[in-house]
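Spelled out, the chains give:
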Amino acid sequence: MVGKIVIDKELCKGCALCVSACPQKLIVVAEEINSKGYHPAEFVDSKGVCTGCTLCALMCPEVAIEVFREEKT
Amino acid sequence: MMKVVFERPKSMFPVPTHYCPGCGHGIVHRLLAEVIDEFGIRERVIGVAPVGCAVLIYNYINCDMYEAAHGRAPAIATGCKRVHPDLILFTYQGDGDLASIGTAEIIHAANRGENITVLFLNNAIYGMTGGQMAPTTILGQRTTTCPLGRSPKRDGYPIRIAEMLATLEGATYIARVAVHNPRAIIAAKKALKKAFEFQINGLGFSLVEFLSPCPTGWGMPPAEATKWVEENMIPTFPLGEFKVPKSEKG
Amino acid sequence: MGEKVLITGNEAIGEAAIRAGCRFFFGYPITPQNKIPEYLSYRLPQVGGCFVQAESEIAAIYMVFGAAGAGARVLTSSSGPGISLKQEGISYISAAELPCVIVNVMRGGPGLGGILPSQSDYFQATKGGGHGDYHLLVLAPSTVQETVNLVMDAFDLADKYCNPVMVLADGYIGQMMEPVEFKEKPPKELPTKDWAVTGAKNRPRNLIKSLYLDPEELEQHNLKLHRKYLEMAKNDVRVETYLTDDAEIIIAAYGTVARIAKTAIKILREKGIKVGMVRPITVFPFPYETFAKISEKVDNILVVEMSLGQMIEDVKLGVCGRAKVHFYGRVGGMVPTYDEIVREIEKIKRGQV
């Protein structure tokens, strides 16, 4: 995988703006709820196609998303 | 080897915020913190917090800060900047704070060309107090104090702050941006960075108006609220740079 | 020995502030104190200071908030209607524990009122004016020289208590010209302003705020403010007693009225009536003890004010029923003459009141 994101489940308020922002639809709203009662966003990338474009993190009002990308060697 | 390409800016405290899900404040706070980090000015920055949803901005941004009375942030910033001309001053204000009670203060701070940067968050409503009409509420928009929709006869028209302030000779940089999608957010950050750069270079007064969603106040889920910014706010409040320093003009 | 100059009270206020190290003034024109901003608009740049004519008294008080929070010595001045506009800001400054000096050159009120002198803002100055449990330390000068001295002291007192200090003058003091000496003051030991916002370098950031959403926290904060006011009452009460040792009747007056009363007292003593005066110089903290003590020796106190009776309530609190408290006042810009005061005392002497 070129990129991946880590979502802080406890900071997330389930606004789902990242879900709309992801061009590859790799984020879903989870079934579980966090300690505040929100359904946090969840990164689902079984095929490993995330490019680390950061559009999700740009959109996130809670700064709950960290984005990683493979270093070009 | 994976490296971090996006993380929380250092100038932001790593705490959850009190803002509603999908609120634009979180995005603008982050842009502000990123700009402060990128210019390396956290130890030289003094902020002035408003009365409104962002009254607690000082819980999120790690720099010296004042808590202002409603609308008076530009006056407080003026007092501080006159004492410390080499420090970087910003005010962060909503539509009640800046466009209602604080109209005199913002106009005159701009008119005097105070070398400060104003972040004006326009969500066409009074969020903190429960969703009343703001001077920026658009025609036909329903709020708790115009339940049948804003009508020109009863309530007047929405105020376009960016255009108004751009008529003042004392103003150096006036821009309106939005934070309803990633592309807009990238452009918003560019404008904010410019604004701070102009202040750092002593060029005078800068203001960036951020069109922002207020899902709770507007009574719609976050995704719908971002659409509402696009379809309803931008036609009333066009995006763009309304004033740039002479050195920028062609 | 300082230099002596013939100067108006308003200009003297401006110069005194500069001598006290004040380099920032934010204000708005209003009669009868316009000479203060006018004087400072050319004098401050001369000493490397900063003058801003704000767009309103409201903006001005918040510029004061900003400059005071940044650690500077700062002055604003106004008169009744403008001081009314400043009340929210004054409450904020008190709550945030910021030092500053506010000058009120009182004029006739209420509303737009008149431009001649009065003492009708006593309640506003001493009992609050703005919202919440706070107080200003209020100094009431009587002559232009005393105004100079008190303005200079005001900056020290403000820094000492981290509290706004008001100098309560009137249009007479503001506009009359008197010879004044600007004495060099030895610098005072004052607490450092490490709470000020100056850029969070090498220290945790500072916050200038007044919001405490947690009620327990807010109560503690209020108690902290309250303790300051108790300290003021313990250490910084100022009062002048004039010919009170053998007095049979006491006049209570402050500011310009006290000067007029002194002439009345001279005349009365020539007539064989032994009158003395208690002149509060701080009207907050008020010299209640002085009145408590003196009311054990005399049966009658005449309060004279350019109002319809404001300081008289504090006098009565101090007297606490031990003596009869009478009142004479003129308002609207009318000033009590010494003849009128003599007449009132004679009435009291004859037992006609």
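Note: the structure precedes this text.
Here's a quick rundown of the structure. (Residues numbered from 1 in each chain as written. Chains lettered and ligands numbered in written order. Predicted model: local features only at pLDDT ≥ 70, side-chain atom pairs only at ≥ 80, totals over all residues.)

**Thoughts on the overall build of chain C**
Across its full length, chain C holds 13 helices and 15 strands. Against the compact-globule benchmark of 20 Å for 353 residues, chain C has a radius of gyration of 21 Å, which places it among compact chains. Dimensions of chain C along its principal axes, counting C-alpha atoms only, are 70 × 50 × 40 Å. Every one of the 353 residues in chain C was classed for burial, and the buried ones make up 54%. When contacts within chain C are restricted to residue pairs at least 6 apart in sequence, those whose partners lie at least 24 apart make up 79%. (Helix = DSSP H or I, 4+ residues; strand = E, 2+ residues; numbered from the N terminus. Rg over C-alpha atoms; globule rule 2.2 N^0.38 Å. Buried ≥ 20, exposed ≤ 12 C-beta atoms within 10 Å, placed from the backbone. Contact = placed C-beta atoms within 7 Å.)

**Things to note about the overall build of chain B**
Helix and strand content of chain B: nine helices and eight strands. Its C-alpha atoms give chain B a radius of gyration of 17 Å, near enough to 18 Å, the size a compact globule of 250 residues would have. The principal-axis extent of the C-alpha atoms belonging to chain B is close to 50 × 50 × 40 Å. When each of the 250 residues of chain B is scored for burial, the buried share is 60%. Look at the contacts in chain B between residues 6 or more apart in sequence, and 66% of them connect residues 24 or more apart.

**Notes on the interface of chain B and chain A**
The partner chain A presents 25 residues to the 25 residues of chain B that form the contact. Those elements giving two or more residues to the side of chain B that touches chain A turn out to be strand 1 (2-6), helix 1 (24-39), helix 7 (182-200) and helix 9 (222-236) of chain B. Here the side of chain B that touches chain A takes five residues from strand 1 of chain B, the largest share from any one element. Here the side of chain B that touches chain A is built from residues that sort into 16 nonpolar, five polar and four charged. Bridge analysis of strand 4 (residues 65-70) of chain A against strand 1 of chain B gives four bridges, and the strand direction is antiparallel. (Nonpolar A, V, L, I, M, F, W, Y, C, P; charged D, E, K, R; others polar. Pairing = 2+ DSSP bridges.)

**Describing the packing of helix 3 (residues 57-69) of chain C against helix 5 (residues 87-95) of chain C**
Residues and elements named next belong to chain C. Contact geometry of helix 3 with helix 5 gives a least axis separation of 8 Å together with a crossing angle of 15°. It follows from the interaxial angle that helix 3 and helix 5 lie roughly parallel. The chirality of how helix 3 crosses helix 5 is right-handed. Residues I58, I61, Y62, V64, F65 and A68 of helix 3 form the contact with helix 5, whose participating residues are G89, I90, Y92 and I93. Split by residue class, the contact of helix 3 with helix 5 holds nine nonpolar, one polar and no charged. (Axes fitted to C-alpha atoms, helices over the stretch in contact; angles between N-to-C directions. Parallel < 35°, antiparallel > 145°, perpendicular 65-115°, else oblique. Left-handed = near helix turned anticlockwise from the far one by under 90°.)

**Side note on the arrangement of the chains**
Summarising the chain contacts, two pairs of chains touch, and the pair with the most contacts is chains B and C. The closest approach of any C-alpha atom in chain A to one in chain C is 21 Å; the two make no contact.

**Overview of the interface of chain C and chain B**
Each side of the interface is counted separately: chain C has 33 residues, and chain B has 27 residues. Elements supplying a minimum of two residues to the side of chain C that touches chain B: strand 2 (24-27), strand 3 (50-53), helix 3, helix 5 and strand 9 (207-208) of chain C. It is helix 3 of chain C that provides the largest number of residues to the side of chain C that touches chain B, a total of nine residues. Class assignment of the residues belonging to the side of chain C that touches chain B gives a composition of 20 nonpolar, eight polar and five charged. When strand 3 (residues 64-67) of chain B meets strand 9 of chain C, the two strands line up parallel, connected through two bridges.

**Overview of the pairing of strand 3 of chain B**
Both faces of the sheet carry side chains from a regular strand, because those side chains alternate between them. Residue and element names in this part refer to chain B. Side chains D64 and Y66 of strand 3 all project onto a buried face; the interleaved residues M65 and E67 project onto the opposite face, where all are buried too. Alignment of strand 2 (residues 45-49) against strand 3, held across four bridges, turns out to be parallel. Counterpart to I46 in the pairing with strand 3 is D64.

**A word on the pairing of strand 6 (residues 171-178) of chain B**
All names here are of chain B. Here strand 6 lies mainly inside the structure; eight of its eight residues are buried. Sheet topology places strand 6 next to strand 7 (residues 205-211); seven bridges connect them, and they run parallel. Note that in strand 7 the partner of A178 across the bridge is L211. Inspection of the sheet shows strand 6 paired to strand 8 (residues 240-243) by three bridges, in the antiparallel sense. The partner of A175 across the bridge, within strand 8, is E241.

**Describing unusual backbone geometry**
Keep in mind that most residues, glycine aside, have a negative phi and that most peptide bonds are trans. Omega for the peptide link from C:T31 to C:P32 comes to 10°, which places this bond in the cis form. You can see C:P32 is positioned in the loop between strand 2 and helix 2 (35-46). In this chain, C:G109 is followed by C:P110 through a cis amide linkage whose omega measures -5°. Structurally, the position occupied by C:P110 is in the loop between strand 5 (100-106) and helix 6 (122-126). Phi angles above zero are rare outside glycine, and A:K25 is one such case at about 55°. Following the sequence through the fold, A:K25 ends up in the loop between helix 1 (17-21) and strand 2 (27-29). Even without being glycine, C:C162 reaches a positive phi, approximately 50°.

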